[in-house]
Amino acid sequence: MFRVVALPAPTEREKSQLYIQRYMAHFPAAGEIIIFDRSWYNRAGVEYVMGFCSKAEHRGFLELCPHVEKVVVDQGVHLIKYWLEVSNKEQQGRFEARITDPLRQWKLSPTDLPSRSRWYDYSHARDMMLKATDTKAAPWYILRSDDKKRARLNCISHLLSLIPYQKVKREKVKLLKRKNKGAYDDQATLKGRTFVPEKY
């Protein structure tokens, strides 16, 4: 089974729980793949930079996180962490495109514009996060992602290199020949019908 988990802002009840508690409910069982889009590392990034958590909460997260991740890995879970690194120039271009292109404006969240002005705060937060949580048990893999297509291919290739798998045997499929019995000009019978205009 394959799922993408993108948790919304926490409820009042969830705010009173252990920070990682609401994520653990979505952890995989054997044979499952779970991708956390907006993972618990929000606490190390956007929450810290934008002031959504206290400095003490941020510090506590960085101290506790490597221990939790080691327990997860020791239980047999393949925990793979990717940091998508975007250059300053590329991020500015993407933000400008979101502002001017009506088809991309939906991507512009309320925190995007304030975040843009805090580029160096985010870089500093990233460096603190990597220093505290780039461990042997659960290392960070940094993916240059200015070129989205190349980044996707590099990520897929790298991910597959980390997961032990075997090729599944497939039965040979043979394409049957078309029978000529009852043959006729099946394209001629469509003459006069209404076709979709071929603009492309």
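Overview of the structure. (Residues numbered from 1 in each chain as written. Predicted model: local features only at pLDDT ≥ 70, side-chain atom pairs only at ≥ 80, totals over all residues. Heavy atoms only, no water.)

### Structural notes on the overall build of the protein chain
Right, so step 1: Across its full length, the protein chain holds eight helices and four strands.
Right, so step 2: Along the protein chain, helices (α) and strands (β) appear in the sequence β-α-α-β-α-α-β-α-α-α-β-α when read from the amino end.
Right, so step 3: What you see for the protein chain is a C-alpha radius of gyration of 24 Å, clearly larger than the 16 Å of a compact globule of 200 residues, by over 25%.
Right, so step 4: The principal-axis extents of the C-alpha atoms in the protein chain amount to approximately 80 × 45 × 35 Å.
Right, so step 5: Buried residues in the protein chain amount to 25% of all 200 residues.
Right, so step 6: Of the accessible surface of the protein chain, which amounts to about 16,300 Å², a share of 56% is contributed by carbon and sulfur atoms. (Helix = DSSP H or I, 4+ residues; strand = E, 2+ residues; numbered from the N terminus. Rg over C-alpha atoms; globule rule 2.2 N^0.38 Å. Buried < 20%, exposed > 50% of the residue type's maximum accessible area, 1.4 Å probe, protein only. Areas by Shrake-Rupley, 256 points an atom, 1.4 Å probe, with all protein chains shown as cover.)

### What to know about the nonpolar core
Right, so step 1: Within the largest apolar cluster, 21 residues are counted, with the highest numbers of intra-cluster contacts made by Tyr 23, Phe 36, Trp 40, Tyr 41 and Phe 61.
Right, so step 2: The element best represented in this core is helix H4 (residues 55-74), accounting for five residues.
Right, so step 3: Once you skip the residues sitting within four places of it in the chain, Tyr 41 turns out to touch Phe 61, Cys 65, Glu 69, Lys 81, Met 129, Thr 133 and Trp 140. (Core = buried A, V, L, I, M, F, W, Y, C linked by side-chain atoms within 4.5 Å. Contact = heavy atoms within 4.5 Å.)

### Some points on the side chain of Thr 133
Right, so step 1: Mapped onto the fold, Thr 133 is located in helix H7 (residues 119-133).
Right, so step 2: Looking at Thr 133, its side chain comes within polar contact range of the main-chain oxygen of Met 129, at 2.6 Å.
Right, so step 3: Aside from chain neighbours lying at most four places away, what touches Thr 133 is Tyr 41, Leu 62, Cys 65, Pro 66, Glu 69, Lys 81, Ala 138 and Trp 140. (Polar contact = N/O pair within 3.5 Å; in protein donor to acceptor, adjacent residues only side chain to side chain.)

### Examining a nonpolar patch on the surface
Right, so step 1: On the surface, a nonpolar cluster with roughly 460 Å² of combined accessible area is contributed by Ile 156, Leu 159, Leu 160, Ile 163 and Tyr 165.
Right, so step 2: Here Ile 163 shows up in the segment after helix H8 (148-162). (Patch = residues over 30% accessible without salt bridge, like charges linked within 9 Å, V, L, I, M, F, W, Y side chains within 5 Å. Salt bridge = Lys/Arg side-chain N within 4 Å of Asp/Glu carboxyl O.)

### Description of the pairing of strand S2 (residues 33-36)
Right, so step 1: Only one face of S2 is buried: it carries Ile 34 and Phe 36, and the other face, with Ile 33 and Ile 35, is open.
Right, so step 2: Pairing analysis gives four bridges linking strand S1 (residues 2-5) to S2, with the strands arranged parallel. Looking across to S2, one finds that Arg 3 is bridged to Ile 34. (Pairing = 2+ DSSP bridges.)

### Quick look at the side chain of Arg 22
Right, so step 1: Within the secondary structure, Arg 22 sits in helix H2 (residues 21-24).
Right, so step 2: In this structure Arg 22 comes out as buried when scored by relative accessible area, which is 12%.
Right, so step 3: A polar atom in the side chain of Arg 22 sits 3.2 Å from the backbone oxygen of Pro 8.
Right, so step 4: In contact with Arg 22, not counting residues within four places along its chain, are Leu 7, Pro 8, Ala 9, Pro 10, Glu 14 and Gln 17.

### Looking at the packing of aromatic side chains
Right, so step 1: Considering all chains together, one arrives at twelve aromatic pairs under this definition.
Right, so step 2: Here the aromatic rings of Trp 83 and Trp 140 are separated by 6.4 Å at their centres, their planes lie at 85°, and the arrangement is edge-to-face. Taken together, the residues Trp 83 in strand S3 (residues 81-85) and Trp 140 in strand S4 (residues 140-144) connect sequence positions 57 residues apart.
Right, so step 3: The exposure class of Trp 140 is buried, given its relative accessible area of 10%.
Right, so step 4: Cluster of aromatic residues (ring-pair linked, three or more members): Tyr 19, Tyr 23, Phe 27, Phe 36, Trp 40, Tyr 41, Phe 61, Trp 83 and Trp 140. (Phe/Tyr/Trp six-rings, centres within 6.5 Å; stacked < 30°, edge-to-face > 60°.)

### Some points on the environment of Cys 155
Right, so step 1: Tracing the backbone through its elements, the reader meets Cys 155 in helix H8.
Right, so step 2: When its relative accessible area of 19% is taken as the criterion, Cys 155 is described as buried.
Right, so step 3: Through-space distance from the C-alpha of Cys 155 to that of Val 49 is 27 Å; in sequence the pair is 106 residues apart.
Right, so step 4: Setting aside its immediate chain neighbours within four residues, Cys 155 contacts Tyr 82 and Leu 143.

### Here's the deal with the packing of H4 against H7
Right, so step 1: Interhelical geometry of H4 versus H7 gives an angle of 35° and a closest axis separation of 9 Å. Crossing handedness for the pair H4 and H7: right-handed. Mapping the contact onto sequence places His 58, Leu 62, Cys 65, Pro 66 and Glu 69 in H4 and Met 128, Met 129, Ala 132 and Thr 133 in H7. (Axes fitted to C-alpha atoms, helices over the stretch in contact; angles between N-to-C directions. Left-handed = near helix turned anticlockwise from the far one by under 90°.)

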